[in-house]
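# Understanding the architecture of this molecule
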Amino acid sequence: MCLAATIRQLASSFRGPESYLVHPPAISAAALALRFRFFHNSCLTSAAVMDNYEAIQALHNSLPPFSPYVPASLLPSIALILLASTFVLAFYFSTLPKDTFPLRETAVASLASVLGGFGVVALFCSAGVNV
């Protein structure tokens, strides 16, 4: 609530942006910083900060611990499968006949690229987990 009052107070000291072209702003940057510091410090007392900190700490303690969607033990297997399929598709791409309209080539190359990208990310994540 205090922050909203501060923003309203600071906004009331400005004219609209269209008036900046005709008239300079009514307040300098230094005066704006001084006003913000005054309003900010007058709103936050140490008791309010401690109450807020204790509420956040209680919320943090009540939440379950982080668990990833994909278990870290599966990352090397996922990386191996994705990268192996990338190399197989790259070999298949090199054996495709040249068509006048390369729809099949584009699909195979795009799929290999996407699988290779996800495979490299899985490989780096599995290395990062075990370091």
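Residues numbered from 1 in each chain as written. Predicted model: local features only at pLDDT ≥ 70, side-chain atom pairs only at ≥ 80, totals over all residues. Heavy atoms only, no water.

## Quick word on the overall build of the protein chain
Inclusion rule: Strands here are runs of E lasting at least two residues and helices are runs of H or I lasting at least four, both read from the DSSP assignment and numbered beginning at the N terminus. The rule is simple: take the accessible area with a 1.4 Å probe, protein chains only, and divide by the maximum for that residue type; under 20% is buried, over 50% is exposed, in between is partly exposed. In this analysis, two residues are considered to be in contact whenever any of their non-hydrogen atoms come within 4.5 Å of each other. Surface accessibility follows the Shrake-Rupley procedure with a 1.4 Å probe radius. Residue values consider only the protein chains on display as shielding.
Summing up its helical and strand segments, the protein chain has five helices and zero strands in all. Secondary structure elements of the protein chain, listed N to C terminal, follow the sequence α-α-α-α-α. Burial status across the protein chain gives 15% buried among its 131 residues. Expressed as a percentage of contacts within the protein chain between residues at least 6 apart in sequence, the contacts between residues at least 24 apart total 53%. With the model as given, the accessible surface of the protein chain reaches about 10400 Å², and the carbon-plus-sulfur share is 72%.

## Structural notes on the side chain of T86
Heads up, the rule is: Nitrogen and oxygen atoms within 3.5 Å of one another constitute a polar contact, given that in protein one can donate a hydrogen and the other can accept it, and given that sequence-neighbouring residues count only through two side-chain atoms.
By the element assignment, T86 lies in helix α4 (residues 75-95). A distance of 3.0 Å separates a polar atom in the side chain of T86 from the backbone nitrogen of G116. Setting aside chain neighbours within four positions, we find T86 in contact with A112, L115 and G116.

## Points about the nonpolar core
Formally: We define a nonpolar core as any set of buried Ala, Val, Leu, Ile, Met, Phe, Trp, Tyr and Cys residues linked to one another through side-chain atoms lying within 4.5 Å.
Grouped together as the largest cluster of nonpolar side chains are six residues: L82, L89, L96, V108, A112 and L115. Contributions of two or more residues to this core are made by α4 and α5 (103-130). With three residues, the top contributor of residues to this core is α5. With sequence-adjacent residues up to four places away left out, V108 is seen in contact with L89, Y92, F93 and L96.

## A short note on the packing of α4 against α5
What counts here: To define axes, lines are fitted to C-alpha atoms, for helices over the stretch in contact only, and angles between the resulting N-to-C directions are given on a 0 to 180 degree scale. Convention used here: angles under 35 degrees read as roughly parallel, angles over 145 as roughly antiparallel, angles from 65 to 115 as roughly perpendicular, and any remaining angle as oblique. Helix crossings are classified by the rotation of the near helix relative to the far one: an anticlockwise turn of less than a right angle makes the crossing left-handed, while a clockwise turn makes it right-handed. Gly is put with the polar residues, along with every residue not named as nonpolar or charged; the nonpolar set is Ala, Val, Leu, Ile, Met, Phe, Trp, Tyr, Cys and Pro, and the charged set is Asp, Glu, Lys and Arg.
In the contact formed by α4 and α5, the axes pass within 7 Å of each other and the chain directions differ by 155 degrees. Considered as vectors, α4 and α5 are oriented roughly antiparallel to each other. In terms of crossing hand, the pair formed by α4 and α5 is left-handed. Tallied by class, residues from the contact of α4 with α5 come to 20 nonpolar, five polar and two charged.

## A look at a nonpolar patch on the surface
Heads up, the rule is: To count toward a patch, a residue needs a relative accessible area over 30% and no salt bridge; like charges are then connected within 9 Å, while nonpolar side chains (Val, Leu, Ile, Met, Phe, Trp, Tyr) are connected within 5 Å. What makes a salt bridge here is a side-chain nitrogen of Lys or Arg within 4 Å of a carboxyl oxygen of Asp or Glu, nothing more.
On the surface, Y69, V70 and L74 cluster together to form a nonpolar patch covering roughly 380 Å² of accessible area. The residue L74 is located in the loop between α3 (46-62) and α4 in this model.

## A short note on the confidence of the model for the protein chain
Any segment with low pLDDT has predicted coordinates that should not be analysed in fine detail. Heads up, the rule is: Confidence of the prediction at every residue is given by pLDDT, a number between 0 and 100.
Across the protein chain, the average pLDDT comes to 76, with 62% of residues at 70 or higher. When pLDDT is averaged over each helix and strand of the protein chain, the minimum, 54, is found for helix α2 (residues 29-43) and the maximum, 94, for α4. Within the model, the stretch residues 18-24 combines pLDDT values under 50 with five contacts to residues more than four positions away or in other chains.

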